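As a plain string of letters, each chain reads:
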Amino acid sequence: MANITKEEIRKPENLVYKKTDLLTDKALSYCPGCGHGTTHRIIMEVLEEMDIQDKTIGIAPVGCSVLAYDFMNIDMQQAAHGRAPALATAIKRLMPEKFVFTYQGDGDLAAIGTAETIHACNRGENIVIIFINNGIYGMTGGQMAPTTLPGMKSSTSPYGRDTHLMGNPLKMTELVAQLPGTIYVTRQSVHTPSNVRKTKKAIRKAFENQKLNKGVSFVEVVSNCNSGWKMTPVQSNKWMEENMFPFYPLGDIKVNTD
Amino acid sequence: MAKVVGDIVIDIEKCKGCGVCIPACPQDVISLSKNVNGKGYNYAEPVNDDCTGCMNCAIVCPDGVITVYRKKIE
Ligand SMILES: Cc1ncc(C[n+]2csc(CCOP(=O)(O)OP(=O)(O)O)c2C)c(N)n1
Ligand code: SF4
Ligand code: SF4
Ligand code: SF4
Ligand SMILES: [Mg+2]
């Protein structure tokens, strides 16, 4: 950068990336480095690029992302714990012209909300489900979730999850892929630039699918909970690659959109 | 030959010092400051002029606090 000043580069015509206005200016309530924030941002970028922000209704869960409606500058409704797919069902059926999505953690979607998730997916509701799987109950202090890996430590499995005593982790994404009501089921992550780009494409596809009126598009984002895992954000992303991805492999599981 | 130069602006008061942007930068532009912001976080800051405006750092920043500029120079 020999003979050009920063002021010459920092001109409006050279702007290539800034936070979308569909995220409010409130500071996110998430811990430093948490994938919830990244996922919020790319959902909002997709809505902006599709120009459907005025036609979209999001459902916030219970969990760390309970306040998602404070950050996503669109119409939102907050559901009782685990009930987001039921609420989304009602909203989409009453307002079929709207794009409707849920945003749910693994405790919300795969524990208390298992029934709602499975039945909405089996009925083939025409909604998008975004599933943030960090293998733990982040909000309440890092308790074991159905998604916690075998041997993984949590505040309620301090010696690691013993599957004989505590049962096996639940792969909700593989499970819903078996149901006739899902048309697109994929697992992604948001910890590197290339993964963020892939996840954004998947979320875009999920929202585009809603125009087909054919069923649920389900996007799992394997994410970190560095506070619950008791690691730094960068360590947690590495741990996620080494431990979460072998058990929760990334990629499309079902694409049935034709 | 046309060359691309870039620059980033970090909203240091909103940065949480998570460091996720650091390994994402192919040019090793970013480092955490020894100073802290109003919330007590060691915020991220550019430490050299090698930015190409590739946007990697901004794309992975969980708090969306990085703005990126890119300019072609002849
Ligand atoms: C009916 C009910 N039961 C239990 C709780 C307590 N609770 C709050 S958040 C949560 C788990 C959230 O975990 P997850 O969905 O994985 O979200 P994360 O915080 O990890 O993103 C629980 C059990 C509650 N708020 N309401
Ligand atoms: S507790 Fe975990 S999931 Fe919740 S904001 Fe912190 S890092 Fe994210
Ligand atoms: S835009 Fe690219 S080169 Fe510039 S600081 Fe960010 S990651 Fe590094
Ligand atoms: S990723 Fe964002 S919040 Fe984290 S250190 Fe970098 S600029 Fe700050
Ligand atoms: Mg969780």
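Figured I'd write up the structure that's included with this text. Quick caveat: nothing in here was measured; it's all calculated off a predicted structure. (Residues numbered from 1 in each chain as written. Chains lettered and ligands numbered in written order. Predicted model: local features only at pLDDT ≥ 70, side-chain atom pairs only at ≥ 80, totals over all residues. Heavy atoms only, no water.)

**Quick notes on the coordination of the magnesium ion (ligand 5)**
All names here are of chain A. Those protein atoms acting as donors to the magnesium ion (ligand 5) are Asp-106 (OD), Asn-134 (OD1) and Ile-136 (O), and they sit at 2.1 to 2.2 Å. Positions of the donor residues of the magnesium ion (ligand 5), expressed as sequence spacing, correspond to D-x27-N-x1-I. Residue classification places Asn-134 among the buried positions, given a relative accessible area of 6%. For Ile-136, a relative accessible area of 2% translates into the label buried. (Donors = N, O, S within 2.8 Å, 3.2 Å for Na, K, Ca; no water. Buried < 20%, exposed > 50% of the residue type's maximum accessible area, 1.4 Å probe, protein only.)

**Looking at the pairing of strand E8 (residues 182–189) of chain A**
Residue and element names in this part refer to chain A. In terms of residue burial, E8 counts as a mostly covered element, since eight of its eight residues are buried. Here E8 pairs with strand E9 (residues 216–222) via seven bridges, running parallel. Within E9, the position partnered with Thr-186 by the bridge is Val-219. In this fold, E8 hands off to helix H9 (residues 193–209), which returns the chain to E9; that crossover is right-handed. Looking at chain direction, E8 and strand E10 (residues 251–255) are connected through four bridges and run antiparallel. Bridge pairing in E10 places Arg-187 opposite Gly-251. (Helix = DSSP H or I, 4+ residues; strand = E, 2+ residues; numbered from the N terminus. Pairing = 2+ DSSP bridges. Right-handed = clockwise from strand over helix to strand, strands pointing away.)

**As for the sheet that holds strand E1 (residues 3–10) of chain B**
Ordered in space as E1(A)-E4(B)-E1(B), the three strands form an open sheet in which the pairing is antiparallel. Only two strands of the sheet have a single partner each, and these edge strands are strand E1 (15–17) of chain A together with E1 of chain B. Strand-to-strand twist of the sheet, defined as the mean angle between neighbouring strand axes without regard to direction, takes the value 35°. Of the pairings in the sheet, the one linking E1 of chain A to strand E4 (residues 66–73) of chain B comprises two bridges and is antiparallel in character. (Axes fitted to C-alpha atoms, helices over the stretch in contact; angles between N-to-C directions.)

**Focus on the site of ligand 3**
With respect to spatial proximity, 13 residues lie near ligand 3, and among them Cys-25, Cys-51, Cys-54, Met-55 and Cys-57 of chain B are the closest. When the residues that make up the shell around ligand 3 are grouped by side-chain class, the tally is nine nonpolar, four polar and no charged. (Near = heavy atom within 4 Å. Nonpolar A, V, L, I, M, F, W, Y, C, P; charged D, E, K, R; others polar.)

**Here's the deal with unusual backbone geometry**
A negative phi angle characterises most non-glycine residues, just as the trans form characterises most peptide bonds. Residues and elements named next belong to chain B. Backbone geometry places Asp-28, a non-glycine residue, at a positive phi of 50°. Relative to the helices and strands, Asp-28 resides in the loop between helix H1 (21–24) and strand E2 (30–36). You can call Asp-28 exposed: its relative accessible area is 57%. For Met-55, which is not glycine, the phi torsion reads 80° and is therefore positive. When you line up the elements, Met-55 lands in the loop between strand E3 (42–46) and helix H2 (56–60). For Met-55, a relative accessible area of 19% corresponds to the buried category.

**Regarding the nonpolar core**
Of all hydrophobic cores here, the largest spans 53 residues; its most connected members are Ile-43, Met-44, Met-72, Phe-101, Ile-130 and Phe-207 of chain A together with Ile-66 of chain B. If you look at the next biggest cluster of nonpolar residues, it comprises 20 residues, including Ala-84, Ile-127, Ala-177 and Leu-179 of chain A. (Core = buried A, V, L, I, M, F, W, Y, C linked by side-chain atoms within 4.5 Å.)

**Overview of the packing of helix H2 (residues 35–50) of chain A against H9 of chain A**
All names here are of chain A. Across the interface, H2 lies against H9 with an axial gap of 9 Å and an inter-helix angle of 50°. On the basis of their axis angle, the class for H2 and H9 is oblique. Along this stretch, H2 crosses H9, giving a crossing that reads as right-handed. Counting all contacts with H2, which are made through Thr-38, Ile-42, Ile-43, Glu-45, Val-46, Leu-47, Glu-49 and Met-50, the residues of H9 involved are Val-196, Thr-199, Lys-200, Ile-203, Arg-204, Phe-207 and Glu-208. Of the residues in the contact of H2 with H9, the class split is eight nonpolar, two polar and five charged. (Parallel < 35°, antiparallel > 145°, perpendicular 65-115°, else oblique. Left-handed = near helix turned anticlockwise from the far one by under 90°. Contact = heavy atoms within 4.5 Å.)

**What to know about the sheet that holds strand E5 (residues 128–133) of chain A**
All names here are of chain A. If you trace the seven strands from one edge of the open sheet to the other, you get E3-E2-E4-E5-E9-E8-E10, paired in mixed fashion. Each edge of the open sheet is held by one strand with a lone partner, namely strand E3 (75–78) and E10. Recorded for the sheet is a direction-independent mean angle of 15° between the axes of neighbouring strands. Packing of helix H4 (residues 84–94) onto the sheet brings it into contact with strand E2 (56–60), E3 and strand E4 (99–105), and relative to E4 it is tilted by some 175°. Running at roughly 165° to E8, H9 makes contact with E2, E4, E5, E8, E9 and E10 of the sheet.

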